Amino acid sequence: MDQPMYFFLNYLALSDLCYTSTVTPKLITDLLAERNMISYNNCMAQLFTMHIFGGIEILILTAMAYDRYVAICKPLHYTSLMSRQRCNALVTACCAGGLLHSLVQGLLIFNLPFCGPNKIDHYFCDVYPLLKLACTDTHTVGILVVANSGMMGLVTFVVLMLSYFLILCTIRAYPTESRSKALSTCSSHLTVVVLFFVPVLFIYIRPANTFPVDKVFALFYTIIAPMFNPLIYTLRNMEMKKALRKVWCQKPFLTERYVI
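Residues numbered from 1 in each chain as written. Predicted model: local features only at pLDDT ≥ 70, side-chain atom pairs only at ≥ 80, totals over all residues. Heavy atoms only, no water.

### A closer look at the nonpolar core
Move 1: If you look at the biggest cluster of nonpolar residues, it comprises 49 residues, and the most contacted ones within it are F8, L61, M64, F196, F197 and Y221.
Move 2: Listed by contribution, the elements that provide at least two residues to this core are α1 (4–21), α3 (40–73), α5 (84–110), α7 (139–171), α8 (176–204) and α9 (214–236).
Move 3: Ranked by the residues each element gives to this core, the list is headed by α3, at 11 residues. (Core = buried A, V, L, I, M, F, W, Y, C linked by side-chain atoms within 4.5 Å. Buried < 20%, exposed > 50% of the residue type's maximum accessible area, 1.4 Å probe, protein only. Helix = DSSP H or I, 4+ residues; strand = E, 2+ residues; numbered from the N terminus.)

What follows is the structure in structure tokens.
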């Protein structure tokens, strides 16, 4: 657990738990009660917290990609570049970045006047469905939302893909065993990145508009991706598989019996 990769994995799991908790409990409650209602304050709170933990998760995935890049491309400097102090600083920066992103997003929505219909075609309070309820021109706000959420996701995704391109170029000269180990570790991270970022980019990189299919794509980054992250990292990581195999295949302890 002292390794930086597992250090970041702990925080990714925590951000996954917090992120999906902003949506899933309310969704399950509404499905069971057959009552799809939420107050204005709770709606704004859901929007704010969801974008905080979503921003943190995106930035932690970026920090994990940087960790894999340093481990594979600069192995001799790995200990100094990824010290515990540096890891703590990266996690702090991720939290600050997520908070800043959510504050900007919230300020764009909180100041809008809502005086029209109060029904949105979605299962949680998100930016674009709320923009349709505003009784004012939201063209400028929509552009700012794309600049905030869309460009944040796009730039991060490009940086992640670039880091893995450099990793693939580096491991071509590695021996077969080392290459397979590096690919096994990176493939799990890449799977998580694609599963999370592709739906996010589909929703936020386009102009402010909503489609019925948005709810299906939103399921991937709000519920499905956080739910499958632990399974993906467990099944694709050799060290995790060895640890689980050691636990599952452990022989039961023999108990002594006394005859009286």
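From this point on, the discussion continues.
### Considerations on empty space enclosed by the protein
Move 1: This structure, assessed with the given rule, holds 3 cavities of 30 Å³ or more.
Move 2: In terms of lining, the largest cavity is formed by 13 residues, of which the most central are H51, G54, I58, H101 and Y204.
Move 3: For the lining of the largest cavity, the secondary-structure elements that each account for two or more residues are α3, α7 and α8.
Move 4: For the lining of the largest cavity, the element with the highest residue contribution is α3, accounting for 5 residues.
Move 5: Looking at the lining of the largest cavity residue by residue, the classes come out as 8 nonpolar, 5 polar and no charged.
Move 6: There is about 60 Å³ of room inside the second largest cavity.
Move 7: Lining the second largest cavity we find H122, D126, Y128, P129, I203, Y204, R206, N209, T210, D214, A218 and Y221. (1 Å grid on protein atoms, 1.4 Å probe; cavity = no way out; pocket = protein on both sides within 12 Å on 5 of 7 lines; lining within 4 Å. Points joined across faces, edges and corners; volume = space filled by probe spheres on them. Nonpolar A, V, L, I, M, F, W, Y, C, P; charged D, E, K, R; others polar.)

### Focus: the state of the cysteines
Move 1: All chains considered together, the criterion is met by 2 disulfides.
Move 2: A sulfur-sulfur separation of 2.0 Å characterises the disulfide bridge that pairs C43 with C125. Here the disulfide of C43 and C125 is left-handed, its torsion about the S-S bond being about -125°. On the criterion of sequence distance, the pair formed by C43 in helix α3 and C125 in the loop between α5 and α6 (127–131) is long-range, its members being 82 residues apart.
Move 3: In this structure C43 comes out as buried when scored by relative accessible area, which is 7%.
Move 4: Taking the relative accessible area as the measure of exposure, C125 reaches 2% and is therefore buried.
Move 5: At a sulfur-sulfur separation of 2.0 Å, the disulfide partner of C115 is C135. (Disulfide = S-S within 2.5 Å.)

### Looking at a nonpolar patch on the surface
Move 1: A cluster of nonpolar residues, M151, L154, V155, V158, V159 and I205, forms a patch on the protein surface that exposes about 450 Å² of accessible area.
Move 2: For I205, the location among the structural elements is in the loop between α8 and α9.
Move 3: Judged by its relative accessible area of 34%, I205 is partly exposed. (Patch = residues over 30% accessible without salt bridge, like charges linked within 9 Å, V, L, I, M, F, W, Y side chains within 5 Å. Areas by Shrake-Rupley, 256 points an atom, 1.4 Å probe, with all protein chains shown as cover. Salt bridge = Lys/Arg side-chain N within 4 Å of Asp/Glu carboxyl O.)

### Overview of the packing of α3 against α7
Move 1: Running from N to C, α3 and α7 point in directions that differ by 15°, and their axes come no closer than 9 Å. On the basis of the axis angle, α3 is roughly parallel to α7. Our pair here, α3 against α7, has a crossing hand that is left-handed. Side by side, α3 and α7 meet where H51, G55, I58, L59, L61, T62, A65, R68, Y69, I72 and C73 of the first sit next to S149, M152, T156, L160, S163, Y164, L166, I167, T170 and I171 of the second.
Move 2: Among the residues making up the contact of α3 with α7, the classes are represented as 13 nonpolar, 7 polar and 1 charged. (Axes fitted to C-alpha atoms, helices over the stretch in contact; angles between N-to-C directions. Parallel < 35°, antiparallel > 145°, perpendicular 65-115°, else oblique. Left-handed = near helix turned anticlockwise from the far one by under 90°. Contact = heavy atoms within 4.5 Å.)

Nothing here speaks to function; it is geometry throughout.
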